[in-house]
Amino acid sequence: MQQTTVNNYEAAKQLYAKHGIDVDRVLERLAQIKISMHCWQGDDVRGFLNREQDLTGGISVTGNYPGAARTPDELRADLEKAFSLIPGKHKVNLHAIYVDTDEKVELDQLEPKHFQKWVDWAAEQGLGLDFNPTCFSHEKSSDGFTLSHPDPEIRRFWIDHCKASRKIGAYFGEQLGQTCVTNVWVPDGFKDVPADRLAPRQRLKDALDEVFAEELNPAHNLDAVESKLFGLGSEAYVVGSHEFYMGYGLRNNKLICLDAGHFHPTEVISNKLSSLSLFSEGILLHVSRPMRWDSDHVVTMDDELIDIGRELVRGDLLGKTHIGLDFFDASINRIAAWVVGTRNTVKSLLRAMLDPIDALKKAELEGDYTTRLALTEEFKSYPFGAVWDYYCEKHGVPVREEWLSEVKAYERDVLLKRGN
């Protein structure tokens, strides 16, 4: 380890220790947290099942940066490269369309065997897997409806797909010894104001009841449900609104997914965490960066990300919160997008853990808001970066922007040769 990194770390430790913060213990705690890195950043949400199918469900990826993964092997290689630049051991979040098989199979007929290569790879890499049914970019979702579709035959197709997805998720958890979170999101909704808001939600509720009817071992699989405020093609009405899924999740003991881009532009998910934690079975986060709308930009160290980290740490919510990423940007190097977003998410948790939490809470309880403000502001310039550098070096990954040269070399030697 570089002596400069160690010296800076030791100096930082002494500053934090004055406030009773044990930095060594903080890093031990941080190393236990797994971020679920989304596979779909690597190939622009195309997958390998119906690769020529146009993206639907309000999903749009902009840019044509060269080097998108074309096969499961290429995607896994890109993921490996990204993980080699991110400290800690984490998870990969798969969508059903990322099936890896030579067999011709439809979404409602998927089985664990169709993902065995992913399981074998994850085991070799020491990674966990999360899962999502893919209820978009399919001919049976072309009119914008899936689990709430008025046609019972189409609705049956999507119910069977979601049921199959849960069994795949349970297989992941059983084989890898890491609980899989299987998250259900559907794009169902109307572009203009509907005549009947209730009936689609009744159909969605009934469909979900059937999807979740089979009890699965919670050590292997946890179910989550994800809401959205609006989307392209569903600007006026989304069947699976926040109120719908919060009610459904609370009543049926499901994780409630909060996506940073799925709410009003002035609304943040950090402020929802403490309330939801009091009543929910657990929380799933899709950390993203909305810009104007749910545009899924690469996660930066902005105020909301810092606040998400603070809420999780200060409220001791990490034990019941599963953190995943959800963004896609084809205008920049896709591996760099993973690295920037994941490193920032881990950094936000580290920054929160290095705050003088006990002192801040004590000052607040005593009505000493002057001390609360003063400490909050002064700690913004404390040497968090020295601790982060040490953490990266300790885990054998590049310090600061040194990772960028490795990504550029990989782009030159691998990505640019793919011809896309």
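Not measured: the values here are computed from a predicted model.

Draft legend 1. How the structure looks around the pairing of strand β3 (residues 128-132). With five of its five residues buried, β3 lies for the most part within the structure. Across the two faces of β3 the burial is the same, with Gly128, Asp130 and Asn132 and Leu129 and Phe131 all buried. Across five bridges, strand β2 (residues 91-95) lies against β3 in parallel orientation. Following the sheet pairing, Lys91 is matched in β3 by Gly128. A crossover connection joins β2 to the parallel β3 through helix α4 (residues 116-125); in handedness this β-α-β unit is right-handed.

Draft legend 2. A look at empty space enclosed by the protein. This model, assessed by the stated rule, comprises three cavities of 30 Å³ or more. Of the voids in this model, the largest cavity is the one considered here, and its volume is about 70 Å³. Along the wall of the largest cavity there are eleven residues; nearest its centre are Arg46, Asn50, Gln53, Ile97 and Ser137. In terms of residue class, the lining of the largest cavity is made up of five nonpolar, four polar and two charged. Of the voids in this model, the second largest cavity is the one considered here, and its volume is about 50 Å³.

Draft legend 3. Layout of the packing of aromatic side chains. Tallied over the full model, the rule gives 17 aromatic pairs. Where Phe131 meets Phe172, the ring centres are 5.5 Å apart and the plane angle is 90°; that geometry is what we call edge-to-face. Taken as a pair, Phe131 in strand β3 and Phe172 in helix α5 (residues 152-176) lie far apart in primary sequence, 41 residues in all. Of the two residues examined, Phe131 and Phe172, each falls in the buried class. Between Phe157 and Trp158, the aromatic rings sit 4.9 Å apart at their centres with planes inclined by 90°, giving edge-to-face as the arrangement. Looking at Trp158, the relative accessible area reads 0%, which means it is buried. One aromatic cluster is present, built from ring pairs that chain together Phe212, Phe244, Tyr245 and Tyr248. Positioned over the ring face of Phe157 is Lys140, at 5.1 Å from the centre of the ring. It is Arg351 that lies over the ring of Phe384; its NZ or CZ is 5.4 Å from the centre.

Draft legend 4. Quick peek at the packing of helix α1 (residues 3-17) against helix α2 (residues 23-30). Their axes nearest at 9 Å, the elements α1 and α2 cross at an angle of 105°. By the criterion of interaxial angle, the relationship of α1 to α2 is roughly perpendicular. For the pair α1 and α2, the contacting residues are Tyr9, Lys13 and Tyr16 in the first and Val23, Asp24 and Leu27 in the second. Of the residues contributing to the contact of α1 with α2, the split by class is four nonpolar, no polar and two charged.

Draft legend 5. Region of the structure containing the UniProt feature "binding site: Mn(2+)" (unreviewed entry) in the protein chain. According to UniProt, the positions carrying the feature "binding site: Mn(2+)" (unreviewed entry) are His262, Asp294 and Asp296. Over a stretch of 35 residues, the named residues converge on one spot in the fold, their C-alpha atoms separated by at most 9.7 Å. For His262, the location among the structural elements is in the loop between β8 (255-259) and α8 (273-279). Residues in contact with His262, not counting those within four places in the same chain, are Trp185, Glu226, Ser227, Lys228, Leu229 and Asp294. In terms of polar contacts, His262 uses its side chain to reach the backbone carbonyl oxygen of Ser227, at 2.6 Å. Here Asp294 lies in strand β11 (residues 293-297). When its relative accessible area of 8% is taken as the criterion, Asp294 is described as buried. If we skip the residues at most four places from it in the chain, Asp294 touches Lys228, Asp259, Gly261 and His262.

Thresholds, definitions, all that
- Residues numbered from 1 in each chain as written.
- Predicted model: local features only at pLDDT ≥ 70, side-chain atom pairs only at ≥ 80, totals over all residues.
- Heavy atoms only, no water.
- Buried < 20%, exposed > 50% of the residue type's maximum accessible area, 1.4 Å probe, protein only.
- Helix = DSSP H or I, 4+ residues; strand = E, 2+ residues; numbered from the N terminus.
- Pairing = 2+ DSSP bridges.
- Right-handed = clockwise from strand over helix to strand, strands pointing away.
- 1 Å grid on protein atoms, 1.4 Å probe; cavity = no way out; pocket = protein on both sides within 12 Å on 5 of 7 lines; lining within 4 Å.
- Points joined across faces, edges and corners; volume = space filled by probe spheres on them.
- Nonpolar A, V, L, I, M, F, W, Y, C, P; charged D, E, K, R; others polar.
- Phe/Tyr/Trp six-rings, centres within 6.5 Å; stacked < 30°, edge-to-face > 60°.
- Lys NZ or Arg CZ within 6 Å of the ring centre and 35° of its normal.
- Axes fitted to C-alpha atoms, helices over the stretch in contact; angles between N-to-C directions.
- Parallel < 35°, antiparallel > 145°, perpendicular 65-115°, else oblique.
- Contact = heavy atoms within 4.5 Å.
- UniProt positions renumbered as here; feature names shortened; annotations may be inferred.
- Polar contact = N/O pair within 3.5 Å; in protein donor to acceptor, adjacent residues only side chain to side chain.

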